[in-house]
Amino acid sequence: MEMETWATIIPYIVSVVTGVAGWLVGRRKQRNDFLSDLQASIDLLADKNKTLYEEVLRLRQENALLGAKVSELATQNAQLKTEVEELNGRLANVKTITRKA
């Protein structure tokens with residue numbers, strides 16, 4: 001081939017090669033950005049999961065304390081009920097004295 005023919009063809013070949021190289025580099029960057037976004041999402045979800053897990057643990061502890069308190073109050077309620085029944089039994093034999101004006 002002649003030198004003029006090569007001088008005419010080379011710019012087209014360079015354009016195609018740089019286009020393909022640019023596409024490959026852009027595709028790689030796009031994949032890396034996608035992976036970075038996925039990793040950021042995973043990190044965000046992991047942090048949220050940790051926060052929710054700690055909240056669940058705190059609520060379970062609080063629930064256990066409240067269960068113990070309810071049990072204690074039920075025991076006190078039973079004792080007071082017994083005491084009220086005993087006092088009502090004592091008052092059953094007492095006559096009420098009222099004044100009429």
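In what follows, the structure referred to is the one given above.
A few points on the structure. Here the structure is a predicted model, which means the values were calculated and not measured.

Each value, and the rule that gives it
- Per chain, residues are indexed from 1 in the order of the written sequence.
- In view of the model being predicted, local features appear only for residues whose pLDDT reaches at least 70, and side-chain atom pairs are presented and counted only at 80 or more, with totals across whole chains, interfaces and linings using the full set of residues.
- Here the side-chain values reflect all heavy atoms present in the structure, with hydrogen atoms and water set aside.
- By definition, any uninterrupted DSSP run of H or I lasting at least four residues is a helix, any uninterrupted run of E lasting at least two residues is a strand, and each is numbered from the N terminus.
- Two things to know: the radius of gyration comes from C-alpha atoms, and the globule rule equals 2.2 Å times the number of residues to the power 0.38.
- Relative accessible area decides the class of each residue, using a 1.4 Å probe on protein chains only: under 20% of the type maximum gives buried, over 50% gives exposed, and in between gives partly exposed.
- To estimate how far a helix should extend, the number of its residues minus one is multiplied by 1.5 Å.
- Two axes are fitted around each residue, one to the seven residues ending there and one to the seven starting there, and the angle between them is reported as the bend at that residue.
- Think of a patch as exposed residues, more than 30% relative accessible area, with no salt bridge, where like charges cluster within 9 Å and nonpolar side chains (Val, Leu, Ile, Met, Phe, Trp, Tyr) cluster within 5 Å.
- To be clear on the numbers: accessible area is Shrake-Rupley with a 1.4 Å probe, and residue cover counts the displayed protein chains and nothing else.
- Whenever Lys or Arg places a side-chain nitrogen within 4 Å of a carboxyl oxygen from Asp or Glu, that contact is recorded as a salt bridge.

### Notes on the overall build of the protein
Along the protein, the regular secondary structure elements total one helix and zero strands. Computed over C-alpha atoms, the radius of gyration of the protein comes to 43 Å, more than 25% over the 13 Å expected from 2.2 N^0.38 for 101 residues, which places it beyond the range of a compact globule. With respect to the principal axes defined by its C-alpha atoms, the protein has extents near 140 × 35 × 10 Å. Considering the protein as a whole, with its 101 residues, one finds that 0% of them fall into the buried category.

### Observations regarding helix H1 (residues 3-92)
With 90 residues, H1 should cover 134 Å at 1.5 Å per step; its first-to-last C-alpha distance of 130 Å lies within 8% of that length. At Ile 9, H1 shows its maximal kink, close to 30°; a proline, Pro 11, follows between one and four residues later.

### Details of the environment of Tyr 53
Position of Tyr 53 relative to the elements: it lies in helix H1. Given a relative accessible area of 52%, Tyr 53 falls into the exposed group.

### Things to note about a nonpolar patch on the surface
Where nonpolar side chains cluster on the molecular surface, the patch consists of Met 3, Trp 6, Ile 10, Ile 13, Val 14 and Val 17 and spans about 590 Å² of accessible area. Residue class for Trp 6 comes out partly exposed when judged on its relative accessible area of 39%.

### Side note on the environment of Glu 72
Note on placement: Glu 72 falls in helix H1. When its relative accessible area of 40% is taken as the criterion, Glu 72 is described as partly exposed. For the pair Glu 72 and Leu 45, spaced 27 residues apart in the sequence, the C-alpha separation amounts to 40 Å.

### Some points on the pattern of salt bridges
Tallying each qualifying case throughout the model produces four salt bridges. Ionic pairing is found between Asp 33 and Lys 29, a salt bridge with its closest N-O pair at 2.9 Å. Residue Asp 33 and its partner Lys 29 are both found in helix H1; the two are separated by four residues, about one turn of the helix. Judged by relative accessible area, Asp 33 falls into the partly exposed class, the value being 36%.

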